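Coordinate analysis (summary)
One-letter residues, chain by chain:
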Amino acid sequence: VHVNFHGCQQNKATIGDQYVSHTGLNEWAETNNIIVVYPQATANDLAENPKACFDWWGYTNSAYATKSGPQMKVIDAIVKYVMAHGDLPPVGSLAKQ
């Protein structure tokens, strides 16, 4: 399993499938039997994240860069699900992790 974080303003809502289609990761993963997970950050002015960045400065909370940070908890749950089931969890099913 490879988790690939998009950059600011590179989420699907902003640029569609361009990021996923042009990174080259899908072809690499296919030839190496690897699942690539592309989590999505969303823009939110109230959360001080208007450009849909993943939290690298603490807008979610002070634990943002640790295993207990909100985004990292969700990523951890996704990876555990993929490892156990061999595919992605249903959309939104891990949001409350």
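Summarised in this report is the structure supplied together with it.

So, how was this worked out
- Residues numbered from 1 in each chain as written.
- Predicted model: local features only at pLDDT ≥ 70, side-chain atom pairs only at ≥ 80, totals over all residues.
- Heavy atoms only, no water.
- Helix = DSSP H or I, 4+ residues; strand = E, 2+ residues; numbered from the N terminus.
- Rg over C-alpha atoms; globule rule 2.2 N^0.38 Å.
- Buried < 20%, exposed > 50% of the residue type's maximum accessible area, 1.4 Å probe, protein only.
- Contact = heavy atoms within 4.5 Å.
- Areas by Shrake-Rupley, 256 points an atom, 1.4 Å probe, with all protein chains shown as cover.
- Lys, Arg positive; Asp, Glu negative; His and termini not counted.
- Charge placed at Lys NZ, Arg CZ, Asp CG, Glu CD.
- Core = buried A, V, L, I, M, F, W, Y, C linked by side-chain atoms within 4.5 Å.

A closer look at the overall build of the protein chain
- Scanning the protein chain from terminus to terminus reveals four helices and two strands.
- Start at the N end of the protein chain and walk to the C end: the helices and strands fall as β-α-α-α-β-α.
- The C-alpha atoms of the protein chain give a radius of gyration of 14 Å, which matches the 13 Å a tight globule of 97 residues would have.
- By its C-alpha atoms, the protein chain is 40 × 30 × 20 Å across when sized along the principal axes.
- A burial count over the protein chain gives 27% of its 97 residues as buried.
- Within the protein chain, contacts between residues separated by at least 24 positions form 43% of all contacts whose residues are at least 6 apart in sequence.
- For the protein chain, the accessible area works out to roughly 6,600 Å², and carbon and sulfur atoms hold 54% of it.
- Between the centroid of the 6 positive side chains of the protein chain and the centroid of its 8 negative side chains there is a distance of 9 Å.

Some thoughts on unusual backbone geometry
- Positive phi outside glycine occurs at Gln-9, with the angle close to 60 degrees.
- Structurally, the position occupied by Gln-9 is in the loop between β1 (2-3) and α1 (12-15).
- A relative accessible area of 43% means that Gln-9 is categorised as partly exposed.
- One non-glycine residue, Ala-52, adopts positive backbone phi at about 60 degrees.
- The buried category is assigned to Ala-52, whose relative accessible area is 1%.

Let's talk about the nonpolar core
- Counting residues in hydrophobic clusters, the biggest one holds six residues: Val-37, Ile-75, Ala-77, Ile-78, Val-82 and Leu-94.
- Broken down by element, the residue count for this core peaks at four residues, all from helix α4 (residues 70-85).
- When near neighbours in sequence (up to four residues on either side) are disregarded, Ile-75 contacts Val-3, Phe-5 and Pro-39.

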